Amino acid sequence: MTTLVIAEHDNSELQASTYNTIAAASKLEGETVVLVAGHECQSVADQAAKAEGVDKVLLAQAEFLEHLLAEDVEKAVMAQEGDYSHILAPASTFGKNMMPRIAALLDVQQISDIISVESEDTFKRPVYAGNAIATVKSNDKKKVITVRATAFDALATEGGSASIENVSAGSHTELSNYVGEELTESERPDLGTARVVVSGGRGMGNGENFEMLEQLADKLGAAVGASRAAVDAGFVPNDYQVGQTGKIVAPELYIAVGISGAIQHLAGMKDSKVIVAINKDEEAPIFQVADYGLVEDLFKVVPELIESL
Amino acid sequence: MKILVAIKRVIDANVKVRVKPDNSGVETANVKMSMNPFCEIAVEEAVRLKEQGIASEIVAVSIGNQQCQETLRTALALGADKAVLVKTEDALEPLAVAKTLQKVVEQEEPQMVLMGKQSIDGDNNQTGQMLAALLGWGQGTFASKVDVEDGKVQVTREIDGGLQTIELKLPAVVTTDLRLNEPRFASLPNIMKAKRKPLDEVALADLGVDTASRTETLSVENPPERSEGIKVENVAELVDKLKNEAKVI
Ligand SMILES: Cc1cc2nc3c(=O)[nH]c(=O)nc-3n(C[C@H](O)[C@H](O)[C@H](O)COP(=O)(O)OP(=O)(O)OC[C@H]3O[C@@H](n4cnc5c(N)ncnc54)[C@H](O)[C@@H]3O)c2cc1C
Ligand SMILES: Cc1cc2nc3c(=O)[nH]c(=O)nc-3n(C[C@H](O)[C@H](O)[C@H](O)COP(=O)(O)OP(=O)(O)OC[C@H]3O[C@@H](n4cnc5c(N)ncnc54)[C@H](O)[C@@H]3O)c2cc1C
């Protein structure tokens, strides 16, 4: 048995989610091979080769793989000759986008967003916005799986010395072409992996008021997140959304400010170690999951909190 | 251009889902069902493309039991021209849904298939991508903007880092994200009109697709409970607890 992990990266750095996926792969028997498909991404392959738990790295480089468009990544993965029992990728927008294509072409029913490996063919995954946890057994010959990064602790990023092999990059499909990107620039830690997350909801009132949360985040070395309502209202960009249909986070400390705690929001943060809720409505459902609740006007207490840190 | 919209009937987003005591699944008896919210967004986008004169016909399709008729009638009331119900009593997996939709696409020959990025029950986020791969088409997933021009479609996608725009050759599959549009409500006259629009039924068995389950759900359990914590009186107490009790700052 050999597991193939499809690396998520930006052609220079291996994303944290890839390390979590390697950790999930190492719960399976046999070797772990990492495929780095991209453009001018040797440095990514070097990082993957150093990661604990990796036995071999495959490097597939081509200009058309620069933006990792789903159709082209599919071709690059399908071009690999090894016989893999399991194919894994992070359940990020990268993995969610391309992985089902590979599953369909292999005629395999993908198992999405696993949170545990029970055995070679049995996995746990949340359904209904995390209201239920299903234990699913795959009867397909090959298993195609996306991994919830927050559910698997990363192994060491240094110390390994896997070999790197250059492999075929497949061919450009020309079904889709890259036009452009508008990425959120931030000096703060990545929302998905931050140790502390400060999130704001509709209660913030407008986008300017989010500056307050950014100050708080800077004091705590935190990432800033938001509820869907705050994103829909245009207070912050889409990539801030935490929840069932946004990002899943599980930091050491999650501070929810002006967020009511709808089930779809809870689905994205209730695995956080410590949850703090600041809300002026003592009936708000967020208090049912909060370790520490403060029933107050956020405009009064957030500045106080910034002061006292 | 003809657009096919795939819609799924799911437990309403506002229902608190309950796990069955025997852990075989979740309670669906006497539970309010609705069109999957992402599918509503897909229908709305199709209707807007028709209003702009880009789409000429909208066909809504759902795979499921007889009650899915209701959901399809809603799509017709919102502006779809015709509906197709592929009837089955089985809960199909995404791969089987994609294979079934592939057959419908071969029959209907749309230039675009619009669907939800995920359904809020299975939360799989697979079907659109699988359908695109099976058809050998391009895909624009998690769309927050769709522009059709000269036989191509530009799709702005919500990705983890922000937004990405790609251009796809048509035909293509587009899956919707939350910010694509705000779905309208069906008006009473349109609900009445929808009753007279065509709704075809085909039996899944007659399509000749292999829809056998590849996975078994061994159990469905409640997630670990989080116990309710305490209320603090003020910021000083909060900071003290975080420092000395939880030790997270
Ligand atoms: C298909 C679907 C998918 C969804 N996906 C997501 C998702 O991924 N993530 C997500 O977050 N939501 C999601 N939602 C939306 C979710 O159902 C809620 O509507 C949303 O989370 C509400 O956001 P909120 O808590 O900011 O707003 P509200 O529910 O309006 O809550 C605002 C809160 O702020 C408090 N408040 C107001 N002013 C102050 C003040 N001055 N001081 C202190 N407190 C104050 C209020 O008491 C209230 O509790 C989804 C919904 C659907 C149907
Ligand atoms: C607790 C639980 C137990 C389950 N047990 C089983 C089981 O024992 N056997 C089994 O086979 N499956 C089982 N399922 C799978 C369930 O039926 C899934 O909903 C199904 O796999 C479809 O996945 P999805 O809707 O999440 O796909 P997604 O990929 O999330 O759906 C995305 C989009 O695809 C389209 N789409 C999806 N389904 C349809 C449809 N029927 N008609 C038209 N368009 C559609 C819609 O546009 C939708 O927005 C179970 C699911 C759960 C939650």
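This one's a predicted model, so the numbers in the text were calculated from it and none came from an experiment. (Residues numbered from 1 in each chain as written. Chains lettered and ligands numbered in written order. Predicted model: local features only at pLDDT ≥ 70, side-chain atom pairs only at ≥ 80, totals over all residues. Heavy atoms only, no water.)

**Student:** Any chance you could break down the pairing of strand S7 (residues 122-127) of chain A for me, citing the residues and the numbers?
**Tutor:** Residue and element names in this part refer to chain A. With 5 of its 6 residues buried, S7 lies for the most part within the structure. Between strand S6 (residues 116-117) and S7, which pair antiparallel one after the other, the connecting turn spans 4 residues. Pairing of S7 with strand S8 (residues 132-138) involves 6 bridges; the strand directions are antiparallel. Along S8, the bridge assignment pairs Phe123 with Val136. Hairpin connection from S7 to S8: 4 residues lie between these consecutive antiparallel strands, with Tyr128 at a positive phi of about 50 degrees. (Buried < 20%, exposed > 50% of the residue type's maximum accessible area, 1.4 Å probe, protein only. Helix = DSSP H or I, 4+ residues; strand = E, 2+ residues; numbered from the N terminus. Pairing = 2+ DSSP bridges.)

**Student:** So, the domain arrangement of chain A: which residues are in play, and what are the values?
**Tutor:** Residues and elements named next belong to chain A. Entries for chain A in the domain assignment read domain 1 (2-166) and domain 2 (196-308). The centre of domain 1, based on its C-alpha atoms, is set 31 Å off from the matching centre of domain 2. When the area that domain 1 buries against domain 2 is broken down by residue, the three leading residues are Ala129, Arg148 and Thr150, summing to 73%. Joining domain 1 to domain 2, the criterion identifies 0 salt bridges. Linking domain 1 with domain 2 are 1 residue pair in polar contact (both at pLDDT 80 or more). Partitioned by chemical class, the residues of the side of domain 1 that touches domain 2 number 1 nonpolar, 3 polar and 1 charged. (Domains from an automatic or database assignment. Buried area = accessible area lost by both parts, 1.4 Å probe. Salt bridge = Lys/Arg side-chain N within 4 Å of Asp/Glu carboxyl O. Polar contact = N/O pair within 3.5 Å; in protein donor to acceptor, adjacent residues only side chain to side chain. Nonpolar A, V, L, I, M, F, W, Y, C, P; charged D, E, K, R; others polar.)

**Student:** Tell me about the site of ligand 1, and please be specific about residues and values.
**Tutor:** Neighbouring ligand 1 are 28 residues; A:Arg202, A:Ser227, A:Gln241, A:Ser260 and A:Asn279 lie closest to it. Around ligand 1, the neighbouring residues derive from chains A and B rather than from a single chain. Contacts to ligand 1 include A:Arg202, whose side-chain N or O atom sits 2.6 Å from an oxygen atom. Here an oxygen atom of ligand 1 and a side-chain polar atom of A:Ser227 are 2.5 Å apart. Surface burial for ligand 1 is 83%, taken as the share of its 990 Å² of free accessible area covered by protein chains. (Near = heavy atom within 4 Å. Areas by Shrake-Rupley, 256 points an atom, 1.4 Å probe, with all protein chains shown as cover.)

**Student:** Just give me the short version of the interface of chain B and chain A, but keep the residues and values in it.
**Tutor:** Interface extent is often summarised as the accessible area lost during association of the parts. Contacts between the two partners involve 75 residues from chain B, matched on the other side by 85 residues from chain A. Buried area between chain B and chain A, both sides added, is near 6,700 Å², and the carbon and sulfur share of it is 52%. Our count for the contact surface shared by chain B and chain A stands at 7 salt bridges. When the shortest N-O distance is used, the salt bridge between A:Asp107 and B:Lys99 registers 2.7 Å. Summed over the shared surface of chain B and chain A, the number is 54 residue pairs in polar contact (both at pLDDT 80 or more). For the side of chain B that touches chain A, the elements supplying multiple residues, two or more each, are helix H3 (94-108), helix H4 (127-135), strand S7 (138-149), strand S8 (152-159), strand S9 (162-169), strand S12 (215-221), strand S13 (230-232) and helix H6 (235-245) of chain B. In terms of residues, the side of chain B that touches chain A owes the most to one element, S9(B), which gives 8 residues. Across the side of chain B that touches chain A, the residue classes tally to 32 nonpolar, 22 polar and 21 charged. As paired strands, S8(A) and S12(B) are joined by 6 bridges and run antiparallel to one another. Considered in S12(B), the bridge of A:Ser138 is made with B:Thr215. (Contact = heavy atoms within 4.5 Å.)

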